[in-house]
Amino acid sequence: MTISTEEEYKNAKKIFRDEPKEFKTSKFAELEKLVKDALDSIQDSDRALILITKWALSFWSSDVHFDNGDEENVLRFRIDWRLVNVFSLSKTQYKLILERLKYKSELKLNITSIPQDGKFRINDGDNKIDIRVSTLPVKNWENIVCRILDSTNSIPKIDELGFMWPSKRKIQKSLNKKNWMILVTGPTGSWKTTTLYSILDILNTKETKIITLEDPIEYELPGVVQSEVNEKNWYTYETWLKALLRQDPDVIMIWEIRDGQTAQIAAQASLTWHLVLSTLHTKSAIEAIERLINMGLPPYILASSIDIIIAQRLVRKICVNCREEIEADSSQNEIIKWMMKDIWIEAVSKAKKEWFKLYKWAWCEHCSHTGYKWRVWVYEVLNFNEEIKDMIRSWQSSETILKEARNQDFILMREDWVLKAMRWKITLEELFKVID
Ligand SMILES: [Zn+2]
């Protein structure tokens, strides 16, 4: 098989479909016993909640769901984007949890017919775990979802984020300039803010005043002035942002560019000698340019204010305990060659006359029989050099800009991934779930 068109590539990559495996672990039964003992025998719903939260964190869950149904009430964890059933709760048990959660997050206990949201903190030794609670009236009762924010999680160093060296060099160069905008783009759940926090961590010195506008504050950064958006009263995102700028900062981190106004304020701030970091929801770095122009940011301002755009995805990392190295078969080899056709990798592989090595999972208790454990990032980093700035100013199309970037050293996300799939022991199946 040979692949010579994008169409053929799209068809061929279907062989990489990943059949999800059921999440299985004996630990859930153990948790069920502890929680139900706390609820039934001593009616200590506080203890039950702490247990659930701590165990959810031990599985790296981002959310805890208490789903109310006709037949049963189910506790579920979201683990690496998958919802996993943990165990069922009786009506009485569900009621105890619901009431305790509403009480702790200062929601109105007697109100059950409108959605409410609040938060509370669990102090566990030195650890502080913030929980955002949201309730929703459903057919028979109320549904609850808790987002877990483990603010004592350490911020990864930039070296731990897995940037390939050309990307890292671009980021490093950008940080030395001081009056630009750095944008991180990607879908919800790609941990864009983690990348921003890692960058802030480098910038965080005694001589630099850093202010953030967040929603919510995910990590606590000593030495950084952090504020959380509160759109209650008549304050809007935009007015918060303006207030922030009056605090004489050097570096500003804005949670997200939400609309044209936010884009304008952010761009203006960078043009007046501030380093601005922010996020945007787009699939790729090139798409971010289009999006900002569509939001009403004039191309000449866009070109002068932005220095780099980092596009990223977060994907699951193969379980190191049960992975096996495999040699790519001929069709897999063709797919990889097609993905990498524009950069050096094909030449390297041909010269060595060897097949690509890939990794396969085998499932074990360590990864709860899913084959994956923990996550890894895949990136593309576009830097605005003079040529690209000129092209944006003169309204050139995205294709032309992309072509120019490719003439420089712009590596596409899929190329970054293949390089990592071979070196970092991750699977192509996982990649095709998140990119085209
Ligand atoms: Zn495993």
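What counts, and at which threshold
Residues numbered from 1 in each chain as written. Predicted model: local features only at pLDDT ≥ 70, side-chain atom pairs only at ≥ 80, totals over all residues. Heavy atoms only, no water. Helix = DSSP H or I, 4+ residues; strand = E, 2+ residues; numbered from the N terminus. Buried < 20%, exposed > 50% of the residue type's maximum accessible area, 1.4 Å probe, protein only. Contact = heavy atoms within 4.5 Å. Areas by Shrake-Rupley, 256 points an atom, 1.4 Å probe, with all protein chains shown as cover. Lys, Arg positive; Asp, Glu negative; His and termini not counted. Charge placed at Lys NZ, Arg CZ, Asp CG, Glu CD. Phe/Tyr/Trp six-rings, centres within 6.5 Å; stacked < 30°, edge-to-face > 60°. Lys NZ or Arg CZ within 6 Å of the ring centre and 35° of its normal. Pairing = 2+ DSSP bridges. Axes fitted to C-alpha atoms, helices over the stretch in contact; angles between N-to-C directions. Core = buried A, V, L, I, M, F, W, Y, C linked by side-chain atoms within 4.5 Å. Domains from an automatic or database assignment. Salt bridge = Lys/Arg side-chain N within 4 Å of Asp/Glu carboxyl O. Polar contact = N/O pair within 3.5 Å; in protein donor to acceptor, adjacent residues only side chain to side chain.

(A) Broad picture of the overall build of the protein chain. Helix and strand counts for the protein chain stand at 16 helices and 15 strands. In terms of its C-alpha atoms, the protein chain occupies a principal-axis envelope of roughly 70 × 60 × 40 Å. Evaluated residue by residue, the protein chain yields a buried proportion of 52% over its 436 residues. Here the analysis covers contacts within the protein chain between residues at least 6 apart in sequence; of these, 68% occur between residues at least 24 apart. For the protein chain, the computed accessible surface area is about 21,200 Å², with 49% contributed by carbon and sulfur atoms. Positive and negative charge centroids in the protein chain, built from 64 and 65 side chains respectively, lie 1 Å apart.

(B) Region of the structure containing the packing of aromatic side chains. Summed over the entire model, instances satisfying the criterion amount to nine aromatic pairs. Taken together, Phe23, Phe28, Phe59 and Phe77 form an aromatic cluster joined through their ring pairs. The ring centre of Tyr237 lies 4.0 Å from the NZ or CZ of Arg258, which sits over that ring. Its end group placed over the ring of Trp338, Lys341 keeps NZ or CZ at 4.1 Å from the ring centre.

(C) Inspection of the sheet that holds strand β3 (residues 82–89) at higher detail. Here six strands make up an open sheet; going across it, the order is β3-β2-β1-β6-β5-β4 and the pairing antiparallel. At either margin of the open sheet sits one strand with a lone partner, and together these are β3 and β4 (116–124). Between one strand and the next, the sheet's axes are offset by a mean angle of 20 degrees, whatever the strand orientation. Of the strand pairs in this sheet, strand β5 (residues 127–137) and strand β6 (residues 142–150) are connected by nine bridges, and their pairing is antiparallel. Paired with Ile131 across the bridge in β6 is Ile148. Helix-sheet contacts for helix α2 (residues 27–40) involve β2 (73–79) and β3, and the interaxial angle to β3 is about 45 degrees. Helix α3 (residues 45–58) contacts β1 (61–68), β2, β4, β5 and β6 of the sheet and is inclined by roughly 135 degrees relative to β1.

(D) Representation of the nonpolar core in the model. Core analysis: the largest hydrophobic core is formed by 68 residues, its most contacted members being Leu292, Leu382 and Leu428. In terms of residue count, helix α15 (residues 413–423) provides more of this core than any other element does, six residues in total. Here Leu428 is in contact with Phe16, Ile336, Leu358, Trp417, Val418 and Ala421, once residues within four sequence places are set aside. Val86, Ile97, Phe120 and Ile131 belong to the second-largest nonpolar core, a separate cluster that totals 36 residues.

(E) Layout of the domain arrangement of the protein chain. Here the domain parsing of the protein chain yields domain 1 (27–150) and domain 2 (158–323 + 361–434). Here the C-alpha centre of domain 2 lies 32 Å away from the C-alpha centre of domain 1. Taken together, the connections running from domain 1 to domain 2 amount to four salt bridges. A salt bridge links Lys119 to Glu228, with the shortest nitrogen-to-oxygen separation between them at 2.8 Å. Here domain 1 and domain 2 share four residue pairs in polar contact (both at pLDDT 80 or more) between them. Looking at the side of domain 1 that touches domain 2, the elements that each hand over two or more residues are β4, β5 and β6.

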